Amino acid sequence: MSNKMWGGRFTDRPDAIMEEINVSIDVDRHLYAQDITASKAHAAMLAAQGIITANDAKNIGKGLDTILSEIGAGKFTFKRALEDIHMNVESRLAELIGPAAGRLHTARSRNDQVATDFRLYVRDVLDETDAALAALQQALAERALEQAETVMPGFTHLQTAQPVTFGHHLMAYVEMVARDRGRFQDARKRLNESPLGAAALAGTSFPIDRHATAAKLGFDRPMANSLDAVSDRDFVLETLSAASICAVHLSRFAEEIVIWTSPLVGLIRLSDKFTTGSSIMPQKRNPDAAELVRAKTGRVIGALNGLLIVMKGLPLAYQKDMQEDKQGAMEGFAALSLAIRAITGMVRDLEPEPERMKAAAGEGYATATDLADWLVRTLKMPFREAHHVTGRIVGLAAKKGVALHELPLAEMQGIEKRITKDVLAVLSVESSVKSRTSYGGTAPKNVRSQAKAWLKRLAKNGKTR
């Protein structure tokens with residue numbers, strides 16, 4: 001028995017291995033809603049253009065709605081022998097309405113059909129991702145407002161650098177997520193063109209209205225070149241690229257959570273909701289959710305790399321290689337979605353240890369820069385000279401085993417005689433963070449202002465800017 005789709009040309013069945021490598025229904029069945037939506041738009045357009053009868057279009061629409069309900073209810077039988085979602089739907093449609101089902105494929109190909117379906121799917125992913133990231137920003141900004149005055153160590157090279165506030169640290173991720181959302185929104189704008197009607201690669205001789213189907217499906221316009229329409233997968237690559245950058249941001253935060261929750265550091269605590277225990281060590285509380293966010297990042301980046309490798313050597317137009325565009329991408333999108341939700345949950349769940357944070361903020365002579373700034377500001381000393389003087393004072397404090405603010409004034413004056421007792425006012429971690437009032441600085445009033453501004457923006461339809 002020959003294949004239904006091309007039986008006129010082929011007389012023998014394909015080899016079993018050929019059938020196995022060729023089948024895609026296990027993956028593209030996830031496109032069923034998009035496939036049915038696009039088919040309904042196509043049928044309506046064909047009827048409007050007089051290419052099929054209004055009665056056929058009506059029956060096709062009803063049949064497709066029935067199939068949509070069957071799949072949604074888990075009552076639809078997907079057949080691997082029919083290869084993909086398109087033929088599974090068309091075959092069932094023929095069972096429901098008879099020969100009129102065969103008219104649905106007029107003026108289109110599986111090439112433009114799958115390109116349209118996958119664009120609709122990725123567009124849905126983009127919208128869902130944007131909403132999830134807006135919720136993450138909301139959680140971060142709310143916690144930042146709450147922790148605007150909580151002092152913690154700021155790090156460079158993972159070494160204590162200068163005191164910052166926990167709220168300021170959280171607001172850094174609000175800005176990072178804003179850039180992620182911007183990239184996803186840009187990708188959506190470029191994605192939002194319709195391939196439907198490009199047919200196999202050259203367009204069609206039927207008098208179709210591609211602008212009508214594009215509008216019906218929520219696209220801004222039809223794609224202008226039929227070769228590009230069926231062969232382009234930039235929309236997937238661009239979305240996966242944005243997803244990879246976003247996942248890296250989530251992974252960086254997850255790594256900080258892992259470090260901060262370690263008893264050796266002890267800056268924050270996570271509850272039982274986002275930790276697990278050990279099968280052998282009863283005392284353990286493992287930050288597994290954060291660790292798995294780090295791991296999910298590998299899946300997202302892997303999906304991008306995989307599709308880049310698939311696409312890198314393909315001439316125009318459609319090639320069967322492109323059947324491999326969906327599984328990795330879908331898995332990558334699912335991994336990112338889970339990671340976003342996990343990080344959002346941990347942001348809401350985590351509790352800082354303010355006393356430990358404050359103590360850690362003062363370790364390593366973190367207010368040394370404040371001393372240098374005071375020398376420049378008060379004594380009009382060139383910064384390089386102030387840096388050198390401060391270094392000598394820090395060295396003396398380290399030798400005596402005391403903090404900077406604990407070093408006797410006379411000892412400081414032994415290195416720079418013009419230093420006065422006023423310097424002591426800038427050497428505490430609280431004074432340090434309060435002094436950082438420059439735009440974007442860590443001063444609590446800055447953090448409160450930025451957090452409130454973001455919460456106001458997010459209240460207005462979740463806008464990024």
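What counts as what
Residues numbered from 1 in each chain as written. Predicted model: local features only at pLDDT ≥ 70, side-chain atom pairs only at ≥ 80, totals over all residues. Heavy atoms only, no water. Helix = DSSP H or I, 4+ residues; strand = E, 2+ residues; numbered from the N terminus. Buried < 20%, exposed > 50% of the residue type's maximum accessible area, 1.4 Å probe, protein only. Polar contact = N/O pair within 3.5 Å; in protein donor to acceptor, adjacent residues only side chain to side chain. 1 Å grid on protein atoms, 1.4 Å probe; cavity = no way out; pocket = protein on both sides within 12 Å on 5 of 7 lines; lining within 4 Å. Points joined across faces, edges and corners; volume = space filled by probe spheres on them. Pairing = 2+ DSSP bridges. Phe/Tyr/Trp six-rings, centres within 6.5 Å; stacked < 30°, edge-to-face > 60°. Axes fitted to C-alpha atoms, helices over the stretch in contact; angles between N-to-C directions. Left-handed = near helix turned anticlockwise from the far one by under 90°. Contact = heavy atoms within 4.5 Å. Nonpolar A, V, L, I, M, F, W, Y, C, P; charged D, E, K, R; others polar.

Relative to the assigned elements, Arg-110 resides in helix α6 (residues 110–146). Residue classification places Arg-110 among the buried positions, given a relative accessible area of 18%. Polar side-chain contacts of Arg-110 include one of 2.4 Å to the side chain of Asp-84.

Moving on: the layout of surface pockets. Considering only enclosed or pocket space, the second largest pocket measures out at about 330 Å³ in volume. Lining the second largest pocket we find 17 residues, and of these Asp-84, Arg-110, Asn-111, Tyr-318 and Lys-320 sit closest to its centre. The set of elements that each furnish at least two residues to the lining of the second largest pocket consists of α5 (85–97) and α6.

Relative to strand β2 (residues 159–165), strand β1 (residues 151–156) runs antiparallel, the two sharing five bridges. Counterpart to Pro-153 in the pairing with β2 is Pro-163. The antiparallel pairing of β1 with β2 creates a hairpin that spans two residues between the two strands, and His-157 there sits at a positive phi of about 60°.

This part takes up the packing of aromatic side chains. Given two aromatic rings, their pairing is described by the distance between the two centres and the angle made by the two planes. What the rule picks out here adds up to six aromatic pairs. For the ring pair Phe-118 and Phe-235, a centre distance of 5.9 Å and an interplane angle of 75° mean the geometry is edge-to-face. One end of the pair, Phe-118, is in helix α6; the other, Phe-235, is in helix α10 (residues 234–261), and 117 residues separate them in sequence. When the centroid spacing of 4.4 Å and the interplanar angle of 25° are considered together, the rings of Tyr-173 and Phe-253 count as stacked.

Attention shifts here to the packing of α10 against helix α12 (residues 327–349). With their axes 10 Å apart at the nearest point, α10 and α12 run at an angle of 35° to one another. Two packed elements cross with a definite hand, and for α10 against α12 that hand is left-handed. Contact residues: Val-236, Thr-239, Leu-240, Ala-243, Cys-246, Ala-247, Leu-250, Phe-253, Ala-254 and Ile-257 in α10; Ala-329, Phe-333, Leu-336, Ala-339, Ile-340, Ile-343, Met-346 and Val-347 in α12. Residues that form the contact of α10 with α12 fall into these classes: 17 nonpolar, one polar and no charged.

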